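Results of the structural survey
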Amino acid sequence: MILPTEVWVMGHRWEIIKVEQDWFDDTDAYGNCCSVKRKIQIFTGGGGSITRDTLLHEILHACWTMLAFNEKEEEERVVNSLSSILIGIMDDPRNINVVRFIAGK
Ligand SMILES: [Zn+2]
């Protein structure tokens, strides 16, 4: 699975960058979303489903920024819950029609 290089959120481009093991070791995080630079960093060493969850998680942070929400503590809790539940929905083979429909595929 190849990590995408960009995501468009409400018409704005966010760059997606793959980070290396040393970044993961330093930050102890699988991903980061920089709202100032509109840059999402992703560590892919955790495997497919963790990487997908992380990418969705960071995209939700980008959505949060674009919607001009704030208050960091609440943001982390909401984004974390939403990314995990959405990945669960997308991974359930019984939802294939819903996922394809939402993706426009
Ligand atoms: Zn987060």
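Placed above this text is the structure.
Structure report, in brief. (Residues numbered from 1 in each chain as written. Predicted model: local features only at pLDDT ≥ 70, side-chain atom pairs only at ≥ 80, totals over all residues.)

Topic: the overall build of the protein chain
We apply this condition: Working definition: helices are DSSP H or I runs of at least four residues, strands are E runs of at least two. Numbering for both runs from the N terminus. Each radius of gyration reported is based on C-alpha atoms, and the globular scaling rule is 2.2 Å times the count of residues to the power 0.38.
Scanning the protein chain for helices and strands turns up 4 helices and 4 strands. Counting helices and strands in the order they occur from the N terminus, the protein chain gives β-β-α-β-β-α-α-α. Since a compact globule built from 105 residues should have a radius of gyration of about 13 Å, the 14 Å found for the protein chain is in line with a globular shape. Its C-alpha atoms give the protein chain principal-axis dimensions of roughly 40 × 30 × 25 Å.

A look at the environment of Gln 21
Tracing the backbone through its elements, the reader meets Gln 21 in helix α1 (residues 21–27). Each C-alpha atom of the pair Gln 21 and Ser 83 lies 23 Å from the other, and the pair is 62 residues apart in sequence.

Let's talk about the packing of helix α2 (residues 48–66) against helix α3 (residues 72–91)
Heads up, the rule is: Between N-to-C directions, angles span 0 to 180 degrees; the directions come from axes that are lines fitted to C-alpha atoms, helices contributing only their stretch in contact. By the definition adopted for this analysis, an angle is roughly parallel if under 35 degrees, roughly antiparallel if over 145, roughly perpendicular if from 65 to 115, and oblique otherwise. In this scheme the handedness of a crossing depends on how the near helix is turned from the far one: anticlockwise by less than a right angle means left-handed, clockwise means right-handed. A residue pair is marked as a contact if its C-beta atoms, positioned from the backbone, fall within 7 Å. Three classes are used, and their members are as follows: Ala, Val, Leu, Ile, Met, Phe, Trp, Tyr, Cys and Pro are nonpolar, Asp, Glu, Lys and Arg are charged, and the others, Gly among them, are polar.
Direction vectors running N to C along α2 and α3 enclose 135°, while the axes themselves pass 8 Å from each other. As judged from the angle between their axes, α2 and α3 are oblique. As for how α2 packs across α3, the hand of that crossing is right-handed. Contacts between α2 and α3 pair Ser 49, Arg 52, Asp 53, Leu 56, His 57, Leu 60, His 61 and Trp 64 from the former with Glu 75, Val 79, Asn 80, Leu 82, Ser 83, Ser 84, Leu 86, Ile 87 and Asp 91 from the latter. Split into classes, the residues belonging to the contact of α2 with α3 amount to 7 nonpolar, 6 polar and 4 charged.

A closer look at the pairing of strand β3 (residues 31–34)
So the rule is basically this: To sort residues by burial, count the other C-beta atoms lying within 10 Å of each one's C-beta; a count of 20 or more means buried, 12 or fewer means exposed, and anything in between means partly exposed. C-beta atoms are built from the backbone. Here, any two strands with at least 2 DSSP bridges between them count as paired.
Residues of β3 alternate between two faces, with Gly 31 and Cys 33 buried on one and Asn 32 and Cys 34 left unburied on the opposite face. Relative to strand β4 (residues 39–43), β3 runs antiparallel, the two being bridged by 4 bridges. Residue pairing across strands places Cys 34 opposite Lys 39, the latter belonging to β4.

Focus: the environment of Pro 4
You can see Pro 4 is positioned in the segment before β1 (6–9). Sequence separation between Pro 4 and Glu 15 is 11 residues, and the spatial gap between their C-alpha atoms is 9.0 Å.

Looking at unusual backbone geometry
Phi angles above zero are rare outside glycine, and Met 10 is one such case at about 50°. Inspection of the secondary structure assignment puts Met 10 in the loop between β1 and β2 (12–19). One non-glycine residue with positive phi stands out, namely Asp 28, at about 55°. With respect to the helices, strands and loops of the structure, Asp 28 is situated in the loop between α1 and β3. What makes Asp 28 exposed here is the crowd of 6 C-beta atoms within 10 Å.

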